[in-house]
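Listed below are the residues making up each chain.
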Amino acid sequence: MYLIVIAWMYVVLMMSVAEATHPTGTLLGAMITFVLYGVGPVALVVYLMRAPARRKAIKAREAAEAGALAPGTFEAESFAPDAGRHAAGGVEAVAGDASVAPVRKEP
């Protein structure tokens, strides 16, 4: 892939040199040719061609981060869903205060 990029940049460089050295050519025209025919398209093509490699690197990094968490740590537990059978908000006292009823009393 990089061989094609290098070859295309060489062609564009030669086009820019030819435009700059032509009797009716200008340096501004040569710079515009180099940017619009060379740098812009090559940057786009390289970005698009590297997309699968970037995606693979992101997945590998996420897998490494997920594997780095030990099963007993707080972070690992916070990502795990609640597997218990109990309803959320049990009948325990809230924050150790027995004066607060955790469940609404019926009238």
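Keep in mind the model is a prediction, meaning the values are calculated, not measured.

Student: Teacher, can you tell me more about the overall build of the chain here?
Tutor: If you tally the helices and strands in the chain, you get four helices and zero strands. Scanning the chain from its N terminus toward the C terminus, one meets helices and strands in the order α-α-α-α. Here the chain, with 107 residues, has 8% of them falling under the buried criterion. Residue pairs at least 24 apart in sequence account for 33% of intrachain contacts in the chain once pairs closer than 6 positions are excluded. Accessible surface computed for the chain: about 9,200 Å², of which carbon and sulfur atoms make up 69%.

Student: I tried to follow a positive patch on the surface on my own but got confused; where do I start?
Tutor: There is a patch of like positive charges on the surface, built from Arg50, Arg54, Arg55 and Lys59. Structurally, Lys59 can be placed in helix 3 (residues 51-68).

Student: Help me understand helix 2 (residues 27-49) in this model?
Tutor: Turn by turn, an α-helix covers 3.6 residues, leaving residues three or four places apart pointing in a common direction. When the terminal C-alpha atoms of helix 2 are compared, their 31 Å separation across 23 residues agrees well with the 33 Å that a helix rising 1.5 Å per residue should span. The largest bend in helix 2 comes to about 35°, at Val35. Where the residues of helix 2 are buried, they touch helix 1 (2-21).

Student: Looking at this structure, how should I read the side chain of Thr33?
Tutor: In this structure, Thr33 sits in helix 2. Since its relative accessible area comes to 9%, Thr33 is described here as buried. In this structure Thr33 touches Val12, Met15, Ser16, Glu19 and Gly38, once residues within four positions along its chain are discounted.

Student: Explanation requested: the environment of Met31 in the structure shown.
Tutor: Structurally, Met31 is set in helix 2. Each C-alpha atom, one on Met31 and one on Ala20, is 8.6 Å from the other, the two residues being eleven residues apart in sequence.

Student: Would you mind going over helix 1 with me for this structure?
Tutor: With 20 residues, helix 1 extends 28 Å from end C-alpha to end C-alpha; this agrees with the ideal 28 Å at 1.5 Å per step. For helix 1, the full list of buried residues reads Val5, Val12 and Ser16. Here the buried residues of helix 1 occupy an arc of 45° about the axis, which is enough to place them on one side. Opposite its buried face, helix 1 presents the exposed residues Leu3, Ile6, Tyr10 and Thr21, each directed more than 90 degrees away. Close packing links the buried residues of helix 1 with helix 2.

Student: Could you clarify how one ought to interpret the packing of aromatic side chains in this entry?
Tutor: For any pair of aromatic rings, the description rests on two quantities: the centre-to-centre distance and the angle between the ring planes. What the rule picks out here adds up to zero aromatic pairs. Above the face of the Tyr47 ring, Arg54 is positioned so that its terminal group lies 4.2 Å from the ring centre.

Student: It is not clear to me how the side chain of Ser16 should be interpreted in this structure. Could you clarify?
Tutor: Along the polypeptide, Ser16 turns up in helix 1. Residues in contact with Ser16, not counting those within four places in the same chain, are Ala30, Thr33 and Phe34.

What counts and how
- Residues numbered from 1 in each chain as written.
- Predicted model: local features only at pLDDT ≥ 70, side-chain atom pairs only at ≥ 80, totals over all residues.
- Heavy atoms only, no water.
- Helix = DSSP H or I, 4+ residues; strand = E, 2+ residues; numbered from the N terminus.
- Buried < 20%, exposed > 50% of the residue type's maximum accessible area, 1.4 Å probe, protein only.
- Contact = heavy atoms within 4.5 Å.
- Areas by Shrake-Rupley, 256 points an atom, 1.4 Å probe, with all protein chains shown as cover.
- Patch = residues over 30% accessible without salt bridge, like charges linked within 9 Å, V, L, I, M, F, W, Y side chains within 5 Å.
- Salt bridge = Lys/Arg side-chain N within 4 Å of Asp/Glu carboxyl O.
- Lys, Arg positive; Asp, Glu negative; His and termini not counted.
- Charge placed at Lys NZ, Arg CZ, Asp CG, Glu CD.
- Expected span 1.5 Å × (residues − 1).
- Bend = angle between axes of the 7 residues up to and from the residue.
- Arc of directions from axis to C-beta.
- Phe/Tyr/Trp six-rings, centres within 6.5 Å; stacked < 30°, edge-to-face > 60°.
- Lys NZ or Arg CZ within 6 Å of the ring centre and 35° of its normal.

All we've got here are geometric facts, nothing functional implied.
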